[in-house]
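# Analysis of the macromolecular model
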Amino acid sequence: MQDRPRRESFLPFSRPAIGEEEIAGVVETLRSGWITTGPRAARFEEALSAYNEVPRCLALLSATTGLELALSALGIGEGDEVITTAHTFVCTVSNVVLRGAVPVLVDVEPDTMNLDAERIEERITSRTKAILPVHYGGLPCRMERIWEIARRHGLAVVEDAAHTMGARYAGRRIGSDARSAFSVYSFHPNKNLTTIEGGAIAFHDLRHEAYLKLQRFHGIARGAGTPYPDGSPLYDVPMPGRKSNFTDVQAAVGLAQLPKLDAFAARRRELARLYLTLLADLPEVELPADGDAEREHCWNLFVLRNRPEATGLTRDAMTAALKAENVGTGIHWQGLFAFSFYRDYFARHPEGLPKDGLPHATRTTENLMSLPLFPAMTEEDVLDVVSALRRIVAAGRRRARS
Ligand SMILES: *Cc1c(COP(=O)(O)O)cnc(C)c1O
């Protein structure tokens, strides 16, 4: 591949794919007289359920809220344990802690950076209630193995599907298999589908529906978005609830995004495979695993790992050098032990950590960086990133030799 000069303009690691349809939808909603939860939110939920092949999706303020509601609906609380991955965004783990349960961390597979299903069973105790896998970067976890373990031990499965709108497992959408009690999607601007902020919870057992609907809107028994369905302003509050509803303005964005989502994922796949091809001969960096016939990747993130012993550079030196080349990067994510709360927490809760530590998650979090990847990127953008990366690695190599 030919060397390319430093980029003229900054390339961010992510940029939401907002088109004229989204803008028109928002304007129309603003003009409609109904801007909070209403008819568009209801339509978005129906479209989302159909897309994800699930009986019911409820749209929410965020995926974070969705995870909290899933754990709450399962009755998870004080004295319980939830097995999850050591490599995730902090909210996956914080939601478990907020419920008073203990997050029991499992190390990741070195290639996929997803939780290692083979290490789940050794962490199950009489207190374990659920398994909470995260499909990192858009690559589905080995769900068959996870469901099999969950069934044998009577555990619930909740999928953190924040990254996997547009992916498939065993030919079906994430969340569509009833062996998972709940799956939670995120529509944050960095995710494959955005609604500015937002999330949704998918489920199969419709007995959860009433509870979730009450919980997302103050515990008000007469539906959010239809405050006076029979003309009466009165309602009952059978339980205290949260305020986690989804607005029609967000829904207008989502309704415009959803028909384009498969094209977004296809474009992400193309760009990711171009990176994989162009970087295949650069042993100083470790490339992310692609999907396969069983696990269809939707490439929310393209996460590269530095090999400091080979580049002579720290990850932070490398991302700073990329920034000087006008290439943005993300960090997904800092490890939990970067955070003061979790250093204390796991000192008090050693049962949350495996006896042999978390070597793969630790190495991953120290060395990772997310390269630019979003649907509007061009192949030239990818070439710019690769060219910059090669320059940085070659300079490191020279320094290491001298
Ligand atoms: C983004 C993200 C979330 C949180 O999503 P929000 O919609 O911002 O609450 C949860 N889990 C993972 C793995 C994420 O990447």
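Conventions adopted
- Residues numbered from 1 in each chain as written.
- Predicted model: local features only at pLDDT ≥ 70, side-chain atom pairs only at ≥ 80, totals over all residues.
- Heavy atoms only, no water.
- Axes fitted to C-alpha atoms, helices over the stretch in contact; angles between N-to-C directions.
- Helix = DSSP H or I, 4+ residues; strand = E, 2+ residues; numbered from the N terminus.
- Parallel < 35°, antiparallel > 145°, perpendicular 65-115°, else oblique.
- Left-handed = near helix turned anticlockwise from the far one by under 90°.
- Contact = heavy atoms within 4.5 Å.
- Polar contact = N/O pair within 3.5 Å; in protein donor to acceptor, adjacent residues only side chain to side chain.
- Near = heavy atom within 4 Å.
- 1 Å grid on protein atoms, 1.4 Å probe; cavity = no way out; pocket = protein on both sides within 12 Å on 5 of 7 lines; lining within 4 Å.
- Sits in = over half its atoms within 2 Å of the grid points.
- Nonpolar A, V, L, I, M, F, W, Y, C, P; charged D, E, K, R; others polar.

## Some points on the packing of helix α3 (residues 63-73) against helix α6 (residues 209-216)
Where α3 contacts α6, the axes come no closer than 11 Å and their chain directions differ by 135 degrees. Relative to α6, the element α3 lies oblique. In this structure, α3 crosses over α6, and the sense of that crossing is right-handed. Seen from α3, the contacting residues are L69, S72 and A73; seen from α6, they are Y211, L212 and Q215.

## Regarding the side chain of H87
Relative to the helices and strands, H87 resides in the loop between β2 (81-85) and α4 (90-98). Only 3.2 Å separates the side chain of H87 from the backbone oxygen of H332, close enough to count as a polar contact. Apart from the residues lying within four places of it in its own chain, the contact partners of H87 are V108, M113, Y136, H332, W333, T364, T365 and L368.

## Focus: the site of the ligand
Residues in close proximity to the ligand total 15 residues, the closest being T64, D160, H163, S186 and K191. A distance of 2.9 Å separates an oxygen atom of the ligand from a polar atom in the backbone of A63. Here H163 contributes a side-chain N or O atom positioned 2.7 Å from an oxygen atom of the ligand. Taking a 2 Å distance to the grid points as the criterion, the majority of the atoms of the ligand fall inside the largest pocket. Secondary-structure elements contributing two or more residues to the shell around the ligand are α3 and α4. Class assignment of the residues belonging to the shell around the ligand gives a composition of six nonpolar, seven polar and two charged.

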